[in-house]
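Here's the letter readout for the chains.
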Amino acid sequence: MGLGALAFLNPLALGALAALPVIYWLLRTVPPRPRQLEFPPTRILVGLENREKTPAKTPWWLLLIRMLAATLIILALAEPVLNPDRNAPIPGRGPVVVVVDNGWTAGSRWAERLAVVEQVIAEAEGQSRPVAVVPTAATTRAPSVRVEAPSQAKATARALQPQPFAPDRSAAVTALEQGLAAVVEQGLGVVYLTDGVDHDGKSGELLARLQAIAERGGGGLILAQEARDDPAVGIEGRITAAGQIEARVVRSGGPAGIGTVLAQSARGDVLATGTYAFDAGSREAKAAIELPLELRNQVNRLVLAGQSSAGAVSLLDQRSQWQRIGLVSGESSEQAQPLLAPFYYIEKALAPTAEIVKPRAATLDTSLEEALTAKVSVLALADIGTLPDEMIERLQKFMESGGVLLRFAGPRLEKGGDKLLPVPLRIGGRTLGGALSWSTPQKLTAFEDQSLFAGLAIPDEVTVTRQVLADPSRLGPDVLVWARLADGTPLVTARRVGDGLVVLFHITGNSDWSNLPLSGLFVEMLKRVAAQGRVGGAALGAGAGEPAASGASGATAAASGVLAPIATLDGYGKLGSPPPMARALTPDAIAALKPNLEHPPGYYGSRGAPVALNVVQAGDALEPLPAPPSGTALRASGGSEESPLKPSMLTLALALLAVDMLAILMLQAGGLGALFSRSRGAASAAAPVRATSAVAALAMTSVALLALAGAPVALAQPTAATDAKAQIATSNVTLGYVLTGDAEADEASRQGLAGLARVLQLRTAVTPGEPLAVDIVKDEIAFYPVLYWPVPERATALPRETLAKIDAYMKQGGMIIFDTRDHGRGGGLGIGLSRDGETPLQRIIGALDLPRLEPVPDGHVLTKSFYLLRSFPGRWDGGQLWVEAGGVAEDETGRQARRADGVTSILVTSNDLASAWALDARGRPLYPTVPGGEVQREMAFRAGINIVMHALTGNYKADQVHVPALLERLGQ
């Protein structure tokens, strides 16, 4: 029921307005006149004047105040709402399922999308229905769907984060079907908050599946789609044939608009900007950015200004980095047959991805100097046998500073060459039919794993008929053989000179000695050699202060089948450390791979030559979501927020009642001045009594009205949700994990404690319940014997009240496991307790009243509470476990280490215990344990059992060590 922008959630309560005339009659009723009795002693009172008069009726203004207060209370009980939600109510009688797209498109508008999710949960709470929150972009390898109370569903929704890849709606619907099979006949109300993009072309089928699930028991599907005036956008960057940076911006449609593309370096500096413009309804726009080669090679990523999603970032790798290459030949460039020119095929191979410099000077010295002055990163020499000494010295410095000297053989090099060769050559070449000849043309053998060309396919038709021979006695460990012929003789050799390379192709750069230059293999080989050059003294992917990749390590990482993740994007488009679930890629797979949970977008390979995996790739387009099935209800995901008026009306009614009480006091005291006067005799003596009674009545009324309004008061009882959680936590031994706000870390904590609880139940007498999530600021923590607290990288200081609660918990026997989870990433605990707040752990516990900590000593109760242990590994092994120091030793602050009943109140580790304990529904591990494998996982479970048994039994095991002394004491 509503009127304009006002509606009443409980309109039946408005029927109480009919009682207002009765209330009015009661308020103005005058009590009956008192009976008069003759009492002789009262004659002495004859003649005394009674100054206090009792009015014959209630004053009109006081009556008006009371009527207004009664009207406000009745209206408040009808629960009025301003700007009510005009959407249809959620259909069905069973659980409310909130399906939310949390893929890469959600990053820029996640706060708004989360607000809509919470609004739907609030509607479900108003209908007393449980809720299941289903993200379409999975955060775990085995996604599951759980039906929860609305309060818990809100915590689950807040723990969700946008993921840096497209949603997998099919997997989400399958998980929904399996997880809610038992309640689907109750009539599910499915609310799907979608981004409006058809990512895989199958969204129409999935919408039909969702509707079929919802309608099976009499429920229905509601589609909440974002406004079309602000669609999600993605970007794909590339280098054009003309050497420009081109950004292709895509969207699923919308109004006309313009935007800015930022070209950023690895440090985040903006090197240039470009502008793109969308026409109304268009789905693609382009922006071009012009930069000199030196600056262009420093561009690390293209970013859409004003957007914060993984799709709004396009990472550029070494494939997008151009080199400036100089070509110098010992022959004349004026030839009648250009196909036989020494650099014809080399120039054709490199020109699409490099800037070619061809000096036109008449002499060799001048040509080389002209090329070096142009700041080339690769200098290619064709059939130049002997270089002048002065130029050898100049080229030596060029290579030491990171340049690549690329030489091709020819008749002049058959004389032996000079010092600037990877390996000394034998005098005289090797030709088909010569003294050192082959009976047939030679083919290439497969490239070795450590070769720069590893992984390249060799065509069968590639043969060699002539070459210059390397002296086999001079092939030392400093000579890199990147390619060999079938008989084992080197075809391409290289040697490192400072930060650069000298590379020799033992054949000509044209087709005189081999048909290799005619093949596509030659193009790929030259690209990899050119990529080793450095422009501006830094390789792409090397951060500030990082050296470029040495030798062929950068390229061979991509070719050897091991493209390990280096840095990945999160859901907001920020580049950081790879998540624990990120896995390595193969070079063949990355070309056609779409980012997913195990392969998020980012850099893979080596830091010197990384390979980029982006969300938006070449040819990708964002298609709009197809029309929903008939019978699907629609609602807007934004709009004005509804405002309940009940609290305001009750507050105003309370204020009117307070005015009424003050007015009564004034009337009884004869005026406001007489209320505080001490010269009124009996009247003034009675005034404080009446005032005290009025204040007490005012306090009681305030508590009642505030409780009715739902405001928190000191006398308020715990909510039903708090009581239910407390009952669950105390019904069994319950392990708790602290929510960090990182959905991945929180899910790993839940799975880890659930796996540990399963192992505890199988191996010990402890029967734990399901682990519970704990909001360390709001929730009561006294119910949990052990709290597992993963320390996030962006941990912030806690409020003083929370620190006091944690301190009391630890001093009264509770145990907290702080897990920094950074040992496997080369991090450290940073628990020096210097209180400088530099590390995430110190930001959390720096203000706590902590005892002195020490590594677990030999003979500590933790080493024998159930199993006999020497180490406490988790997903990683090698990190130290810190406990409270024993004895009466004092730390630098003078505080003594204290333990409650022999239980250490704090454990600090970096080994990521929860990931080692995490199991799926079938009992299979979810995360690998490094480096010990399943043996290490078993030891991690034993460590977890020892920790729980120590928390539950205290110093029991410590006393067993002193059994002889105890028996002797008992004998006395």
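One can find the structure itself at the top, above this paragraph.
Residues numbered from 1 in each chain as written. Predicted model: local features only at pLDDT ≥ 70, side-chain atom pairs only at ≥ 80, totals over all residues. Heavy atoms only, no water.

Description of the packing of helix 18 (residues 743-763) against helix 22 (residues 933-953)
Then, in step 1: At their nearest, the axes of helix 18 and helix 22 sit 10 Å apart, and the two run at 75 degrees to each other. Judged by the angle between their axes, helix 18 and helix 22 are roughly perpendicular. Contacts between helix 18 and helix 22 involve Gly-755, Leu-756, Val-759, Leu-760 and Arg-763 on the former and, on the latter, Glu-938, Phe-941, Arg-942, Gly-944, Ile-945 and Val-948.
Then, in step 2: A breakdown of the residues in the contact of helix 18 with helix 22 according to their chemical character gives 6 nonpolar, 2 polar and 3 charged. (Axes fitted to C-alpha atoms, helices over the stretch in contact; angles between N-to-C directions. Helix = DSSP H or I, 4+ residues; strand = E, 2+ residues; numbered from the N terminus. Parallel < 35°, antiparallel > 145°, perpendicular 65-115°, else oblique. Contact = heavy atoms within 4.5 Å. Nonpolar A, V, L, I, M, F, W, Y, C, P; charged D, E, K, R; others polar.)

Structural notes on the packing of helix 5 (residues 169-179) against helix 6 (residues 203-215)
Then, in step 1: With their axes 10 Å apart at the nearest point, helix 5 and helix 6 run at an angle of 15 degrees to one another. Relative to helix 6, helix 5 is oriented roughly parallel. Here helix 5 and helix 6 pass one another in a crossing that is left-handed. Only Ser-203, Leu-206, Arg-209, Leu-210 and Ile-213 of helix 6 make contact with helix 5, whose side of the interface consists of Arg-169, Ser-170, Val-173, Thr-174, Leu-176 and Glu-177.
Then, in step 2: Split by residue class, the contact of helix 5 with helix 6 holds 5 nonpolar, 3 polar and 3 charged. (Left-handed = near helix turned anticlockwise from the far one by under 90°.)

Thoughts on the nonpolar core
Then, in step 1: Grouped together as the largest cluster of nonpolar side chains are 44 residues, with contacts concentrated most on Phe-453, Val-503 and Phe-505.
Then, in step 2: Elements with a minimum of two residues in this core: strand 16 (323-329), helix 8 (344-350), strand 18 (378-382), strand 19 (404-408), strand 24 (479-484), strand 25 (490-497), strand 26 (500-505) and helix 11 (520-530).
Then, in step 3: It is helix 11 that provides the largest number of residues to this core, a total of 6 residues.
Then, in step 4: Grouped together as the second largest cluster of nonpolar side chains are 34 residues, Ala-773, Tyr-788, Leu-907 and Leu-919 included. (Core = buried A, V, L, I, M, F, W, Y, C linked by side-chain atoms within 4.5 Å. Buried < 20%, exposed > 50% of the residue type's maximum accessible area, 1.4 Å probe, protein only.)

Points about the sheet that holds strand 9 (residues 233-239)
Then, in step 1: Strand order in the open sheet formed by 3 strands is 9-10-13, with antiparallel pairing between adjacent strands. Edge positions in the sheet fall to strand 9 and strand 13 (284-289), since each has one partner strand and no second. Direction aside, neighbouring strands of the sheet carry axes that sit 20 degrees apart on average.
Then, in step 2: Judged from the 6 bridges that link them, strand 10 (residues 245-251) and strand 13 form a sheet pairing that is antiparallel. Within the sheet, the bridge partner assigned to Glu-246 lies in strand 13 and is Ala-288. (Pairing = 2+ DSSP bridges.)

A closer look at a negative patch on the surface
Then, in step 1: On the surface, a cluster of negative charge is made up of Asp-365, Asp-389, Glu-390 and Glu-393.
Then, in step 2: Top element by residues in the negative patch is helix 10 (residues 389-400). It accounts for 3 residues.
Then, in step 3: In this structure, Glu-390 sits in helix 10.
Then, in step 4: A relative accessible area of 63% places Glu-390 in the exposed class. (Patch = residues over 30% accessible without salt bridge, like charges linked within 9 Å, V, L, I, M, F, W, Y side chains within 5 Å. Areas by Shrake-Rupley, 256 points an atom, 1.4 Å probe, with all protein chains shown as cover. Salt bridge = Lys/Arg side-chain N within 4 Å of Asp/Glu carboxyl O. Lys, Arg positive; Asp, Glu negative; His and termini not counted. Charge placed at Lys NZ, Arg CZ, Asp CG, Glu CD.)

Examining the packing of aromatic side chains
Then, in step 1: Taken as a whole and assessed by the stated rule, the structure comprises 11 aromatic pairs.
Then, in step 2: Aromatic side chains Phe-783 and Tyr-784 sit 6.5 Å apart centroid to centroid with 65 degrees between the ring planes, which places their arrangement in the edge-to-face category.
Then, in step 3: What makes Phe-783 partly exposed here is its relative accessible area of 30%.
Then, in step 4: An aromatic cluster of at least three residues, connected via ring pairs, comprises Phe-408, Phe-505 and Phe-522.
Then, in step 5: Cation over ring: Arg-251 sits above Phe-278, and NZ or CZ is 4.2 Å from the ring centre. (Phe/Tyr/Trp six-rings, centres within 6.5 Å; stacked < 30°, edge-to-face > 60°. Lys NZ or Arg CZ within 6 Å of the ring centre and 35° of its normal.)

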